Amino acid sequence: MGCAPSIHVSQSGVIYCRDSDESNSPHQTATTVSQGTAATLHGLFVKTDAADAIPSVLAYQSRQPQQQPTCPGHQRRQPAGRGGSRSVGRHCCGVEAETQTSQTSIKQATTTEIQIGPMRLTQDPIQVLLIFAKEDKQSDGFWWACDRAGYRCNIARTPESALECFLDKHHEIIVIDHRNSRYFEAEAVCRAIRATKPAEHTIILSVIPHTSADQDEISVVPLLHAGFNKVFWENSSIIACYNELIQIEYGEVRSQFKLRACNSVFTALDHCHEAIEITSDDHVIQYVNPAFERMMGYQKGELIGKELTELPKSDKNRADLLDTINTCIKRGKEWQGVYYARRKSGDNIQQHVKITPVTGQGGKIRHFVSIKKLCCTNEGNKQSYKIHHDGKCSGDQFHSESHAFRCKNRRKESIDVKSITSRSSDAPSLQTRRYSSVAKIHSMTIEAPITKVINIINSAQENSPVTVAEALDRVLEILRTTELYSPQLGTKDEDPHTSDLVGGLMTDGLRRLSGNEYVFSKNVNQSHGNLPVPVFINDVPPCIAHLLENEESWDFNIFELEAVTHKRPLVYLGMKIFARFGVCESLNCSEVTLRAWFQVIEANYHSSNSYHNSTHAADVLHATAFFLGKERVQGSLDHLDIVAALIAATVHDVDHPGRTNSFLCNASSELAVLYNDTAVLESHHTALAFQLTAKDNKCNIFKNLSRNHYRTLRQAIIDMVLATEMTKHFEHVNKFVNSIIKPSEESISNSEGSDCGCTTSLKNFPDNQTLIKRMMIKCADVANPCRPLELCIEWAGRISEEYFAQTDEEKRQGLPVVMPVFDRNTCSIPKSQISFIDYFIMDMFDAWDAFAHLPALMQHLTSNYKHWKTLDELKCRSLRLPPENNNGS
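Thresholds, definitions, all that
Residues numbered from 1 in each chain as written. Predicted model: local features only at pLDDT ≥ 70, side-chain atom pairs only at ≥ 80, totals over all residues. Heavy atoms only, no water. Pairing = 2+ DSSP bridges. Helix = DSSP H or I, 4+ residues; strand = E, 2+ residues; numbered from the N terminus. Right-handed = clockwise from strand over helix to strand, strands pointing away. Polar contact = N/O pair within 3.5 Å; in protein donor to acceptor, adjacent residues only side chain to side chain. Contact = heavy atoms within 4.5 Å. Phe/Tyr/Trp six-rings, centres within 6.5 Å; stacked < 30°, edge-to-face > 60°. Buried < 20%, exposed > 50% of the residue type's maximum accessible area, 1.4 Å probe, protein only. Lys NZ or Arg CZ within 6 Å of the ring centre and 35° of its normal. Axes fitted to C-alpha atoms, helices over the stretch in contact; angles between N-to-C directions.

Peer 1: Would you take a moment to explain the pairing of strand S12 (residues 230-233) for this structure?
Peer 2: On any regular strand, side chains alternate: one points to one face of the sheet, the next to the other face. Bridging between strand S11 (residues 203-208) and S12 involves 4 bridges; their strand directions are parallel. Bridging from a neighbouring strand, leucine 205 pairs with lysine 230 of S12. The parallel pair S11 and S12, bridged by helix H6 (residues 221-226), forms a crossover whose chirality is right-handed.

So, in structure tokens, the structure goes:
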């Protein structure tokens, strides 16, 4: 019997097939293959059976059974109960296809979401390549296992087609038949695949035969050296193959997928302008980015693998600085400060350094990440290092005699980065032009206040000690930010209630992720022709008049008024308060006109809203009037300011849809489009209020005002309503504290306790009056936690219900859920109230109390806060204490 023929692929791309018999008389045939294909085979040695036909083309073919006729007797075996949609066999010409593709698996395949740190990844359906020279039970077992798992599957019959198929599809899993070397060398195939770049993250499985009792166990070490990841002992059971593939997917494949995603992180680090260094817990350098190489003058290969102690150190640091840093970071705490480093050239450079420990497995610190920025310029050595946008420069001139020189030239150095670091031929002229432009800016006669402040600080640095100059550098860095009064919020204890509440109220929402549009449930341009005939304040029904006798008290019960007026408290309370402050006289309008105006405004509040209805408007109006009754508040404002505050409180939420700005922006509502996603509702409230007022002369309370008075009043009303928008909450509060409270305290201390002069001075500054009016309406708008407990509880339930309804609608419409914790099935109202008081109420009312002196409010606030805390400690999601805990309340 003759020996099996062998195939050799030469470097010139020719396949030699040799049939050898016992007499060694060879018969050779040659088939030419493209040079590119031959080059990818890396000298692969291929064997074949004499009975098999040799493929004329080494390119693989995707198996399309529905398009390719099959010969009888060569159908793929299928398990019982399976349909015939997977028919795969030979071409009628008799040449077996080199690859076959599972079709049903493609239909079943789905993507998978995987989380790696903060990154959310989507993994495409798993692709499997089976490399089996012969169709048998084992190849069928893996084929149907892929089908069950929903994987895409290809079968390759030859090494060449396997390699080409892999380079085309980049399979996650490859299964190579290693049971018989007479068809091809499995280890050679594995090495050929491993030699390609896409194989870096591929898992290769070797199928090996079972050993008999008298044979030695096969060592896996040679297989691992060849590039295999795992070994599978021959088992044609579909469930055994399925279990193996599933384990590989959930283990090695997903791990490799995460590692592959890390390439995007390294790409970001490589393009980052800040110098970044990553070391092990033993301070061995593991990574530096190109910015670090440029800063320090080293090449990456000179640093990787070295300990930090091996690098030259600067002698300008304090002797104990390194010990201080190590003590801090070894405890898992972040260190940040100024540090001197020595470049490869020997120059010393001053850096702002932030070192963050990274915790790994077992809670142990595994890495340290250092982010470094340059601070100063090396004038002595004429180095041209990178100059940052914050106006800081780099170098080692740290002596006091040169420090003044640097500060004098600080402005000229605060220029664009590219003008200094550019190596292009026109860089000198560009730099000269930029210096000229900066010089012109600093010689301008018209300067913004912030520019004057920065210039004063720059001048103060010239003769300051080094430590003071560095502190002023930090001050300048802060002043150059755009949001001077908005804090960088970090949620307390990572509480989701706080996070959602702050995020929902402090932002204008995400961009639209759905085609849904929110449409108001009522027509904002309502007709008021069917309203009752206006009556005078003296014609109020006795039951309502009796309630209104107590309207000057902070404990006034607005919900009782809501009940007796059939949800129309604003007209009656408004007429009483406006009469008390003489608004009709100030506006030169009649009570009939004022009453008609109140009716129109109240009709455009949505009674269907649980919170943002006319009762809320009446409550805010009541709080505003209460604040205006305080001597210091009233003495700080003009009478026109008082009128504007009362009107602003009345209209501040007119036509509120019961949804937040974020919701309207996400839903791409008409209002959000109209107001460019900025202060949407607040802009709408003011615009509609003036439209409704001017629409009918019978309710136009402004019709008798002079143009100047009307413009002044209108501007004050608009400013106050816009101040209720929460995205600028901290800006308003901080401005009030810094401009009103702190100067007032200093003035009172200098005048031995009397605040009369302080109040008079506030009246002389319109900007201060504006801050007071903004603070007043903001406090009135969210004063619910400062009301008596029963009123506070009722308001908390109402606002929660409105947020619940919004969450329900967001889920129905497929919109982003702005505040996920406000789910009516899981939300803890006490937690939400605690978060709201902690973040928005406490500091603001402390400041307002310091100005207006409101001991009763602060007492209610403290008591109510304790109530919510008690409920939270009892894990109670309701609004009131259980009866068994209510004795000491």
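Still to come is the rest of the account.
Peer 1: Is there a simple way to explain the side chain of threonine 202 in this structure?
Peer 2: Counting through the fold element by element, threonine 202 comes out in the loop between helix H5 (186-194) and S11. Of note is the side chain of threonine 202, whose polar atom sits 3.1 Å from the backbone oxygen of histidine 171. With near-sequence residues (within four places) excluded, threonine 202 lies in contact with Phe166, His171, Glu172, Ile173, Ile174, Arg194 and Asn229.

Peer 1: Looking at this structure, how should I read the packing of aromatic side chains?
Peer 2: Aromatic rings in a pair are described by how distant their centres are and how their planes are angled relative to each other. Under the defined criterion, the tally for this structure stands at 21 aromatic pairs. Consider the rings of phenylalanine 266 and tyrosine 287, whose centres lie 5.5 Å apart with planes at 55°: the pair is tilted. Of this pair, phenylalanine 266 sits in helix H7 (residues 238-270) while tyrosine 287 sits in strand S14 (residues 285-288), and the two are 21 residues apart along the sequence. Its relative accessible area of 9% is what places tyrosine 287 among the buried residues. Ring geometry for phenylalanine 690 and tyrosine 710: centres 6.3 Å apart, planes at 85°, overall edge-to-face. Here phenylalanine 690 is found in helix H28 (residues 680-695), whereas its partner tyrosine 710 is found in helix H29 (residues 707-722), with 20 residues between them in sequence. What makes phenylalanine 690 buried here is its relative accessible area of 10%. Taking relative accessible area as the criterion, tyrosine 710 reaches 25% and is therefore assigned partly exposed. It is arginine 787 that lies over the ring of tryptophan 554; its NZ or CZ is 3.9 Å from the centre.

Peer 1: Which parts of the structure should I look at to understand unusual backbone geometry?
Peer 2: Generally, phi is negative for residues other than glycine and the peptide bonds are trans, each holding for most cases. The backbone phi angle of aspartate 655 is positive, close to 65°, even though this residue is not glycine. Summarising the element assignment, aspartate 655 is placed in the loop between helix H25 (639-651) and helix H26 (661-666). In the Ramachandran plot, asparagine 676 falls in the positive-phi region, its phi being about 55° despite a non-glycine side chain. The class for asparagine 676 is exposed, based on a relative accessible area of 60%.

Peer 1: Help me understand the sheet that holds strand S15 (residues 335-342) in this model?
Peer 2: Here 5 strands make up an open sheet; going across it, the order is S14-S13-S17-S16-S15 and the pairing antiparallel. Single-partner strands in this sheet number two, and they are S14 and S15. Shown here is a sheet whose adjacent strand axes are inclined to one another by a mean of 30°, direction ignored. Direction of pairing for strand S13 (residues 275-280) relative to S14: antiparallel, over a ladder of 3 bridges. Its bridge partner lying in S14, glutamate 277 is registered against valine 288. In the packing of helix H10 (residues 321-330) onto the sheet, the strands contacted are S15, strand S16 (348-359) and strand S17 (365-374), and the crossing angle to S15 comes to about 140°.

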